Amino acid sequence: MSLQERDQKHLWHPLTQHKLHPKHLAIKSAKGALLFDEDGKSYIDGIASWYTCMYGHCHPYIIQKVTEQLGKLDQVVFSGFTHEPAVEMSEKLMKILPQNQQKIFFSDNGSTSVDVAIKMSLQYHFNQGEKRAKIIALEDAFHGDTFGAMSVSGLSVYNGPFEDFLLTIDRIDVPTKENFETVKAQFISFLKTGEVAAFIFEPLVQGAAAMKMYDAKLLDELIAIAKDYNVLAIADEVMTGFGKTGKYFASDYLENKPDILCLSKSLTGGVVPMALTTCTHKVYDAFYADEIGKGFFHGHTYSANPLGCTAISAGIDLLVSEEMQANIKRIELSHQGFNEKIKAHPKVKTTRQIGVIFALELAVEMDRYGNLRDELFAYFMKNGVCLRPLGNTIYILPPFVISDAELQKIYEVIENWL
Ligand SMILES: *Cc1c(COP(=O)(O)O)cnc(C)c1O
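All figures in this text were calculated on a predicted structure; none of them were measured in a lab.

Enquirer: What is the right way to look at the pairing of strand β14 (residues 357-362) in this model?
Expert: Strand residues, when the strand is regular, have side chains that alternate between the two faces of the sheet. Across the six residues that make up β14, a large majority, six, are buried. Note: strand β13 (residues 348-354) against β14, six bridges, orientation antiparallel. Looking at β14, one finds that Thr-351 is bridged to Leu-360. Between the end of β13 and the start of β14, which pair antiparallel, lie two residues, with Gly-355 showing a positive phi angle near 55°. Here four bridges tie β14 to strand β16 (residues 393-396), and the two strands are oriented antiparallel to one another. By the bridge assignment for β16, Leu-360 is matched with Ile-394.

Right, dumping it as structure tokens:
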């Protein structure tokens with residue numbers, strides 16, 4: 001029996017209605033920008049396996065570092081203990097994070113990094129004698145699938161069964177030049193109640209909303225206003241972090257730096273699941289007290305797993321290297337070239353780009369998980385390109401190491417379909 005057949009007996013896949021989609025493609029191996037299935041067919045990983053493997057699959061440098069670490073220390077409790085991979089990682093990360101970020105808290109995935117940020121914000125105010133119970137979030141946001149993260153997410157078509165159990169959220173539209181005065185007025189009216197603990201957003205790019213992009217200046221102004229009301233700004237950089245927008249972090253485009261950052265996905269270069277919630281000294285200081293209860297009593301068993309920390313350090317070494325920075329520039333330029341060629345196509349409604357992220361909205365109506373979307377996905381896969389359209393948007397977010405020829409092949413397959 002093939003892996004695909006054996007899979008169907010016991011495995012339950014994420015975001016899947018198994019009755020409609022029983023089959024899952026078995027991938028045997030991966031290298032650089034390529035995935036290989038059990039029949040030996042290759043696919044260009046045009047979305048870096050959900051924005052994780054940005055330095056390419058099975059990068060020899062990351063593998064070497066993690067393998068060396070595996071023989072030294074596999075795992076140890078991070079309450080009461082510490083270790084070299086965690087310390088070294090913290091020093092490396094501080095060199096690239098926005099400078100106001102000073103403290104690093106561990107968890108295991110993007111959703112938990114958001115839950116940690118939310119709990120941190122609620123307790124930040126609680127510890128100072130204020131009960132603030134609300135969070136402001138953006139329409140169409142996606143922050144993950146655990147309860148806190150699901151609450152702040154606006155893409156809630158499938159959250160029906162849980163809606164009665166979510167946190168209290170005030171929601172504003174994504175700011176645009178046209179709606180900004182209205183959005184700002186609503187934002188301020190929420191802040192004025194004194195009940196808001198935090199303002200959470202995906203800076204500059206809303207990934208799951210089909211790579212919707214918005215202006216850094218407008219976000220900057222909202223953050224500045226939030227600060228006036230002592231409301232913490234949480235940047236969910238789970239998708240945007242580590243070079244994808246052309247800078248190390250999307251927050252690098254902002255004058256007013258967020259108080260808290262959520263990081264995961266390409267944090268470890270896709271090697272191990274891990275996540276970080278980083279914060280300023282001001283946030284940390286609200287927990288620093290003689291009373292035990294003012295501490296942050298949240299902890300995951302695998303916090304700061306040494307292999308994960310080692311992978312993060314290795315990933316940062318690669319990210320800051322001249323070679324990787326040149327790759328990012330190269331992809332940016334290449335996307336710009338493709339954009340010039342494709343933007344006037346009659347089937348293209350709009351295009352958008354920042355850094356290595358390129359999105360093309362089709363002038364066609366399409367359900368988020370509908371038939372046309374499935375056909376489109378199948379067409380790309382048949383032609384050896386792995387792209388997962390979101391509704392009527394096709395987007396490319398390739399590993400930085402993708403070759404020019406591989407990029408051209410992606411563009412060609414898209415063009416042919418059009
Ligand atoms: C993917 C994602 C998450 C959730 O991360 P998981 O690791 O899937 O839990 C949260 N926020 C953003 C912006 C994401 O892209």
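Enquirer: How should the sheet that holds strand β1 (residues 27-31) be read in this particular structure?
Expert: Backbone-to-backbone hydrogen bonds join strands into a sheet, with any given pair of strands oriented parallel or antiparallel. Strand order in the open sheet made by the four strands is β1-β2-β3-β15, with mixed pairing throughout. In the strand order of this sheet, the two ends are held by β1 and β15 (385-386), each with one partner. Of the pairings in the sheet, the one linking β1 to strand β2 (residues 34-37) comprises four bridges and is antiparallel in character. From the neighbouring strand, Ile-27 faces β2, where its bridge partner is Asp-37.

Enquirer: Help me understand the site of the ligand in this model?
Expert: All residues in the neighbourhood of the ligand are listed as Asn-109, Gly-110, Ser-111, Phe-142, His-143, Gly-144, Glu-202, Asp-236, Val-238, Met-239 and Lys-265. Between the ligand and Asn-109, the relevant distance is 3.3 Å, taken from an oxygen atom to a side-chain nitrogen or oxygen of the residue. For the ligand, an oxygen atom lies 2.8 Å from a polar atom in the backbone of Gly-110. Relative to its unbound accessible area of 380 Å², the ligand is 81% covered by the protein chains.

Enquirer: I keep staring at the sheet that holds β14 and nothing clicks. Help me out?
Expert: Taken in spatial order, the three strands make up an open sheet running β13-β14-β16, and their pairing is antiparallel. Edge strands, defined here as strands with exactly one partner in the open sheet, are β13 and β16. Within the sheet, the average angular offset between the axes of one strand and its neighbour, ignoring direction, is 15°. Contacts from helix α11 (residues 322-342) reach β13, β14 and β16 within the one sheet, and its direction differs from that of β14 by about 20°.

Thresholds applied
Residues numbered from 1 in each chain as written. Predicted model: local features only at pLDDT ≥ 70, side-chain atom pairs only at ≥ 80, totals over all residues. Heavy atoms only, no water. Buried < 20%, exposed > 50% of the residue type's maximum accessible area, 1.4 Å probe, protein only. Helix = DSSP H or I, 4+ residues; strand = E, 2+ residues; numbered from the N terminus. Pairing = 2+ DSSP bridges. Near = heavy atom within 4 Å. Polar contact = N/O pair within 3.5 Å; in protein donor to acceptor, adjacent residues only side chain to side chain. Areas by Shrake-Rupley, 256 points an atom, 1.4 Å probe, with all protein chains shown as cover. Axes fitted to C-alpha atoms, helices over the stretch in contact; angles between N-to-C directions. Contact = heavy atoms within 4.5 Å.

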